[in-house]
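This is what each chain is made of:
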Amino acid sequence: MSKPSFPVTLFPRALLGTAMPRKAPPKVVRGVDTGVGLDSSRVRERLIEKLAKEINSTAVLEAMRRVERHRFVDSALVTQAYEDTALPIGFGQTISKPNVVARMIELLLNGQPRFSGKVLEIGSGCGYQAAVLGQLARHVFSMERIEGLVLKARANLKACELTNVQVKFGDGMLGFPDVAPYVAIIAAAGGEAIPHAWLDQLAMGGRLVAPSWADNKQQALIVIDKTPHGLMRQVLEPVQFVPLKSGILA
Ligand code: SAH
């Protein structure tokens, strides 16, 4: 079933008028479309403006401008798609807050405009973050342990015509060794520790960004760099992610 186009009610009539000359719209990654097509670019732009107060990477902001988040959420939630909130995606899981997605990818890029090699994501969910990563890397591999979400993420990404993002059904705690190493690894679910498999599959010079229960009391963002001198670990701000769980759910 196709999703409805972006709701007309979000746009005051004045905003829709043709009096103002329009800039050429940026290339946008479209998901499932009915073809009725009122575009969501203005509300998305407002979200990007808010994100830009905290996010310095123009590459991240441009990637998020290009991915239509409302295509990744259920039709009942499209009006909230450009609020900076996590939203339910079924199976007890959530699509992450846009500012958390932006912050983590900015950390992962570490000042680069693009990733120089393969990227691994743990926790595909609905595929939104994978789609943003897909704007910034040649190949993205994303693991999801819940089969229903694997199918959802694949459908959303296919509708976006993003052929460089592959969603794999499996336990992401084991990583995806088949095509390792990765220059960047990002997790959207937090466990008690960073699995060894991720560190093994991280390329020399690569960076990992993941939530983890750093001091057993508070989940925080962890950044690990693999350097010739060893692993360099930073514990950053507190965050709240769904739990990283082992095994698969078919
Ligand atoms: N990046 C997602 C957010 C998904 S929420 C998005 O943009 O929608 C985190 C996801 O991690 C959930 O879908 C959950 O099922 C998944 N997850 C948790 N533990 C996992 C594991 N061991 N392997 C793969 N996925 C896992």
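Q: How would you sum up the overall build of the protein chain? Please name residues and give values.
A: Looking only at helices and strands, the protein chain features seven helices and nine strands. Put simply, the protein chain shows about 12,400 Å² of open surface, and 55% of that area lies on carbon and sulfur atoms.

Q: Let's hear about the packing of helix α2 (residues 41-51) against helix α3 (residues 58-66): which residues, and what values?
A: Two numbers describe how α2 lies on α3: the axes approach to 10 Å, and their chain directions differ by 160°. Comparing their axes, α3 and α2 come out roughly antiparallel. For the pair α2 and α3, the crossing hand works out as right-handed. Side by side, α2 and α3 meet where R44, E45, I48 and L51 of the first sit next to L61, M64 and R65 of the second. For the contact of α2 with α3, the per-class residue count stands at four nonpolar, no polar and three charged.

Q: So what about α2? Which residues, and what values?
A: Those residues of α2 that sit buried are V43, R44, L47, I48 and L51. Angularly, the buried residues of α2 cover 145° about the axis, an arc narrow enough to put them on a single face.

Q: Describe the environment of L133, naming the residues involved and giving the relevant values.
A: Mapped onto the elements of the fold, L133 is located in helix α5 (residues 128-134). Since its relative accessible area comes to 0%, L133 is described here as buried. When the C-alpha positions of L133 and E121 are compared, they lie 8.8 Å apart, and in sequence the two are twelve residues distant. Sequence-distant contacts of L133, that is, excluding residues within four places in its chain, are made with I105, L108, F115, V119, E121, V140 and I186.

Q: If you had to explain the sheet that holds strand β4 (residues 140-144) to someone new, which residues and values would you point to?
A: In spatial order, the strands read β5-β4-β3-β6-β7-β8-β9; together these seven strands make up an open sheet with mixed pairing. Both outer strands of the open sheet, β5 (165-169) and β9 (230-238), are each paired with one neighbouring strand and no more. Along the sheet, successive strands turn relative to each other by an average axial angle of 15°, direction set aside. For strand β3 (residues 119-122) and strand β6 (residues 182-187), the ladder comprises four bridges, and the chain directions are parallel. The residue bridging L120 from the neighbouring strand is I185, located in β6. Each of β6, β7 (202-213), β8 (219-227) and β9 is contacted by helix α4 (residues 98-109), which is oriented at about 155° to β7, the strand it contacts most. This element, helix α6 (residues 147-159), spans β4 and β5 of the sheet and lies at about 165° to β5.

Conventions adopted
- Residues numbered from 1 in each chain as written.
- Predicted model: local features only at pLDDT ≥ 70, side-chain atom pairs only at ≥ 80, totals over all residues.
- Heavy atoms only, no water.
- Helix = DSSP H or I, 4+ residues; strand = E, 2+ residues; numbered from the N terminus.
- Areas by Shrake-Rupley, 256 points an atom, 1.4 Å probe, with all protein chains shown as cover.
- Axes fitted to C-alpha atoms, helices over the stretch in contact; angles between N-to-C directions.
- Parallel < 35°, antiparallel > 145°, perpendicular 65-115°, else oblique.
- Left-handed = near helix turned anticlockwise from the far one by under 90°.
- Contact = heavy atoms within 4.5 Å.
- Nonpolar A, V, L, I, M, F, W, Y, C, P; charged D, E, K, R; others polar.
- Buried < 20%, exposed > 50% of the residue type's maximum accessible area, 1.4 Å probe, protein only.
- Arc of directions from axis to C-beta.
- Pairing = 2+ DSSP bridges.

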